[in-house]
Amino acid sequence: MRLTLQALGNVRQLEVDDRAAALVHLLSDLEAAPTATAGGRWHLHEDDHGWALHEDLALLGRADHWMPLAVRVLRRVDDVALDRRTAFVAHGAAVRLDGRVAIMPAESGAGKTTLAAACVAAGMDYLSDEALPFSAAGEQLLPYPRPLALDRAGQQLLGLPPPVVHDAAEGWYRASDLGPVAGPTPAFRVTDVVLPRRRSAERERPDVELRPLDPAVGAQALLRNGLNHFHDATAAFLTATAVATASRVWCLEYEDAPTAARWLSARWAAEGRT
Amino acid sequence: MHFSPHRYSRLQNTDVRAVLSKEWANEIGYWGLTSVQLRPAEGVLTRTVGDQAMLLDPSAERALSLNPTAAAVWAHCQPGAQLETVLAQLAAAYGVDAETIRDDVTATIDHLVELGFLQAG
């Protein structure tokens, strides 16, 4: 099986043995336009020595089963997308509902992926997870609909079937198997910066609260979660401050992600109608 | 924490409002308060974001987020400004006595100088 995929402008061809077709399925939200020319190739196949993963002519790894090598490809896609990117990239997730484009910068373990997946399951368009890549001119968000990596707790919370591709910690899901994925729009203007904050249930407090914050808090969150600000710190600073200034910044406090996502979706849909 | 060539390094934003330093106040006193001229360090980037001011230092290694009060201090530290002038302007703006805010303003200026965003001399 073959797939030509595009990760933030970097085009690669993926060729896998049919037994590893799940990997092609997972990455198909990143399928490149038919006219795109691949700048490299991954080949996952079995030979006399077991399963092998090649990147062009280089051997990236061997294993007894295709699964660990598929996970290697999934991580390599992020490397290809982000490694040479000098425009600002922050750690976070992004979703869209009607004209609203919300980014959720967050540190690892904050529950951002579970919340993003819940938002998609609640009908929001998926734009990106893990990376929030901004355009070189700044301020506009580039979609990067990579597969969502959820830990077991997140999978159970969202009621998902066991993942076909997984490692000990996480399982991968194609976003378009969970809900809608934004179409091939080149870039989006961010309207909302949402800082997610999970909390335990508290009597006399609503399940979900959305509190407005000073935009500076949003800029700080973007900078704190910068993935590549060392490439061009000035551009990172200008992008983070411009995005936060042009957006509404919120703290989303919630007990569980599916409830928060449904609440947010209903609220934003109602605001969109008015 | 500073910008550093590590993929997952984080940028710390320091809020200066709570920082007090008597040493700097004493030092200014020794030199003579009225003779110290203040100016933003060359190359400092400033952006107003909401109610706050965000600064990036000239080497692009440290970003600072100033709360509204500290942002007002920063805004009055234009080239050639003197501490007494800044105090008088802020006192007038906030409708308070200059002595009431002297310690906080001095401490804010001290910290901005320490971090290299402001130059005094």
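Shown above is the structure to which this text applies.
Residues numbered from 1 in each chain as written. Chains lettered and ligands numbered in written order. Predicted model: local features only at pLDDT ≥ 70, side-chain atom pairs only at ≥ 80, totals over all residues. Heavy atoms only, no water.

Residue and element names in this part refer to chain A. Reading across from one edge, 1-2-3-4-5 is the order of the 5 strands in this open sheet, with mixed pairing throughout. In the strand order of this sheet, the two ends are held by strand 1 (2–7) and strand 5 (58–63), each with one partner. Averaged over all adjacent pairs, the angle separating strand axes in this sheet is 20°, with direction ignored. As defined by bridge partners, strand 4 (residues 50–55) adjoins strand 5 across 5 bridges and the pair is classed as antiparallel. Across the sheet, the residue bridging to histidine 54 is leucine 59, located in strand 5. (Pairing = 2+ DSSP bridges. Helix = DSSP H or I, 4+ residues; strand = E, 2+ residues; numbered from the N terminus. Axes fitted to C-alpha atoms, helices over the stretch in contact; angles between N-to-C directions.)

Residue and element names in this part refer to chain A. Counted under the stated rule, the structure contains 1 aromatic pair over all chains. Judged by centre distance (6.0 Å) and plane angle (10°), the ring pair of phenylalanine 88 and phenylalanine 134 falls under stacked. Placement of phenylalanine 88 in the loop between helix 2 (66–82) and strand 6 (89–97) and of phenylalanine 134 in the loop between strand 9 (131–133) and strand 10 (140–141) is noted, with a sequence separation of 46 residues between them. Considered together, phenylalanine 88 and phenylalanine 134 belong to a single accessibility category, that of buried residues. Above the plane of the ring of tryptophan 250 lies arginine 267, whose end atom (NZ or CZ) is 5.7 Å from the centre. (Phe/Tyr/Trp six-rings, centres within 6.5 Å; stacked < 30°, edge-to-face > 60°. Buried < 20%, exposed > 50% of the residue type's maximum accessible area, 1.4 Å probe, protein only. Lys NZ or Arg CZ within 6 Å of the ring centre and 35° of its normal.)

Residues and elements named next belong to chain A. Assignment of secondary structure puts aspartate 192 in strand 14 (residues 192–198). Judged by its relative accessible area of 0%, aspartate 192 is buried. Within the structure, aspartate 192 has its side chain in polar contact with the side chain of arginine 248 (distance 3.4 Å). Among the polar contacts listed, one links the side chain of aspartate 192 to the side chain of tryptophan 250, at a separation of 2.8 Å. Apart from residues lying up to four places away in sequence, aspartate 192 is in contact with Arg100, Val101, Ala102, Ile103, Ser247, Arg248 and Trp250. (Polar contact = N/O pair within 3.5 Å; in protein donor to acceptor, adjacent residues only side chain to side chain. Contact = heavy atoms within 4.5 Å.)

This part covers helix 7 (residues 233–245) of chain A. Given 3.6 residues per helical turn, the α-helix brings residues three or four places apart onto the same face. The end-to-end C-alpha separation of helix 7 of chain A is 18 Å, in line with the 18 Å expected for 13 residues at 1.5 Å each. Those residues of helix 7 of chain A that sit buried are A:Ala233, A:Ala236, A:Phe237, A:Thr239, A:Ala240, A:Thr241, A:Ala242, A:Val243 and A:Ala244. (Expected span 1.5 Å × (residues − 1).)

Next up on the list: the nonpolar core. Residues and elements named next belong to chain A. In this structure, Leu14, Leu23, Leu27, Trp42, Leu44, Trp66 and Val165 are the most contacted members of the largest nonpolar core, which totals 38 residues. For this core, the secondary structure elements donating two or more residues are strand 1, strand 2 (10–16), helix 1 (21–27), strand 3 (41–47), strand 4, strand 5 and helix 2. For this core, the element with the highest residue contribution is helix 2, accounting for 11 residues. The contact partners of tryptophan 66, leaving out residues within four places of it in the chain, are Arg19, Ala20, Ala22, Leu44, Trp51, Val164 and Val165. Counting 31 residues, the second largest nonpolar core, distinct from the first, contains Ile103, Leu127, Phe134 and Val193. (Core = buried A, V, L, I, M, F, W, Y, C linked by side-chain atoms within 4.5 Å.)

Turning next to the layout of surface pockets. All names here are of chain A. Here the largest pocket defines a volume of roughly 690 Å³. In this structure, the largest pocket is lined by 34 residues; those nearest its centre are Lys112, Thr113, Glu130, Ala149 and Glu170. Looking at the lining of the largest pocket, the elements that each hand over two or more residues are helix 2, helix 3 (112–121), strand 11 (148–151), helix 4 (152–157) and strand 12 (170–173). With 5 residues, helix 2 is the largest single contributor of residues to the lining of the largest pocket. Across the lining of the largest pocket, the residue classes break down as 13 nonpolar, 7 polar and 14 charged. (1 Å grid on protein atoms, 1.4 Å probe; cavity = no way out; pocket = protein on both sides within 12 Å on 5 of 7 lines; lining within 4 Å. Points joined across faces, edges and corners; volume = space filled by probe spheres on them. Nonpolar A, V, L, I, M, F, W, Y, C, P; charged D, E, K, R; others polar.)

With that out of the way, let us pick up unusual backbone geometry. Residues and elements named next belong to chain A. Of note in the backbone geometry, leucine 8 takes a positive phi value of approximately 50° without being a glycine. Its place among the elements puts leucine 8 in the loop between strand 1 and strand 2. With a relative accessible area of 12%, leucine 8 lands in the buried category. Even without being glycine, aspartate 56 reaches a positive phi, approximately 50°. With respect to the helices and strands, aspartate 56 occurs in the loop between strand 4 and strand 5. Of the residues examined, aspartate 56 reaches a relative accessible area of 42% and is grouped as partly exposed.

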